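Listed here are the chains, written in short residue letters.
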Amino acid sequence: VQLQASGGGLVRNGGSLRLSCAASGGTFSSYAMAWYRQAPGKEREYVAGISYSGGSTFYADSVKGRFTISRDNAKNTVYLQMNSLKSEDTAVYSCAAGLSGLTYRSIGYDYWGQGTQVTVSS
């Protein structure tokens, strides 16, 4: 499975962005999907995840109520709508796919895309 993330950019504090992650080379609807992020000098952090059907989602406390993960299995794409962005959301965001079900543990994901940079300016 190949994953291609896009949609990052520079946005002001309080602004919004929508990230996309397009998958190819596998049965997308079989995979749980997740978004992670990594800020400079910090460890990779789980952001949000969605089950293979889209029926279940899970969010890190730091983004709950501001970010929404969704998927379109017909388009082999997972999205991350990010609202009310803060400077602490600045990071490289990566998507991941796995067959282990919805989990926050990175070991549960078998495939990783390249990241897309999100920068929030104050």
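Scroll up for the structure.
I will try to describe carefully the structure that is included in this document. Everything numeric in this text was worked out from a predicted model, so none of it was measured. (Residues numbered from 1 in each chain as written. Predicted model: local features only at pLDDT ≥ 70, side-chain atom pairs only at ≥ 80, totals over all residues. Heavy atoms only, no water.)

### So, the overall build of the chain
Which entries qualify depends on this criterion: Only DSSP runs of H or I with at least four residues qualify as helices, and only runs of E with at least two residues qualify as strands; both kinds are numbered from the N terminus onward. Here the radius of gyration uses the C-alpha set of atoms, whereas the globule reference equals 2.2 Å times the residue count to the power 0.38. Exposure is judged per residue with a 1.4 Å probe applied to protein chains only, and the accessible area is read against the type maximum: over 50% gives exposed, under 20% gives buried, and values in between give partly exposed. Any two residues whose heavy atoms approach within 4.5 Å at even a single point are treated as in contact. Surface exposure here means Shrake-Rupley accessible area, sampled with a 1.4 Å probe, where a residue is shielded only by the protein chains that are shown.
In terms of regular secondary structure, the chain is built from zero helices and eleven strands. Put simply, the chain runs from its N terminus to its C terminus through helices and strands in the order β-β-β-β-β-β-β-β-β-β-β. Radius of gyration (C-alpha) of the chain: 13 Å, near the 14 Å computed for a compact globule of 122 residues. Here the C-alpha coordinates of the chain stretch approximately 40 × 25 × 25 Å along the principal axes. Taking all 122 residues of the chain together, 43% fall into the buried category. For the chain, the share of sequence-separated contacts (at least 6 apart) that also reach a separation of at least 24 residues comes to 55%. Accessible area of the chain: about 6100 Å², with a carbon and sulfur share of 46%.

### Observations concerning a nonpolar patch on the surface
Heads up, the condition is: Only residues whose relative accessible area exceeds 30% and that take part in no salt bridge are eligible for patches, with like-charged residues grouped when within 9 Å of each other and nonpolar side chains (Val, Leu, Ile, Met, Phe, Trp, Tyr) grouped when within 5 Å. Salt bridges are defined as contacts in which a side-chain nitrogen from Lys or Arg sits within 4 Å of a carboxyl oxygen from Asp or Glu.
Where nonpolar side chains cluster on the molecular surface, the patch consists of F58, L102 and Y104 and spans about 280 Å² of accessible area. Relative to the helices and strands, L102 is located in the loop between β9 (91-98) and β10 (111-112).

### With respect to the nonpolar core
For clarity, the cut-off: In these notes, a set of buried Ala, Val, Leu, Ile, Met, Phe, Trp, Tyr and Cys residues joined through side-chain atoms within 4.5 Å is what counts as a nonpolar core.
By size, the foremost hydrophobic cluster in this structure holds 30 residues, and its most contacted members are M33, W35, L80, M82 and Y93. Elements supplying a minimum of two residues to this core: β1 (2-6), β3 (17-24), β4 (32-38), β5 (45-50), β7 (67-72), β8 (77-82), β9 and β11 (116-121). In terms of nonpolar packing, the next biggest core, distinct from the first, is built from five residues, A34, Y36, Y46 and Y109 among them.

### Some details on the packing of aromatic side chains
Note the following rule: Pairing of aromatic rings covers Phe, Tyr and the six-membered ring of Trp, with a centre-to-centre limit of 6.5 Å; geometry is then stacked below 30 degrees between planes, edge-to-face above 60, and tilted otherwise.
Applying the stated rule across the entire model yields seven aromatic pairs. With centroids separated by 5.9 Å and ring planes inclined at 80°, the aromatic side chains of Y31 and Y111 adopt a geometry described as edge-to-face. Linking Y31 in the loop between β3 and β4 with Y111 in strand β10, this pair joins segments that are 80 residues apart in sequence. On the basis of relative accessible area, Y31 is assigned to the buried category, the value being 10%. Here Y36 and Y46 contribute two aromatic rings whose centre-to-centre distance is 5.3 Å and whose plane-to-plane angle is 80°, an arrangement assigned as edge-to-face.

None of this, on its own, says anything about what the molecule does.
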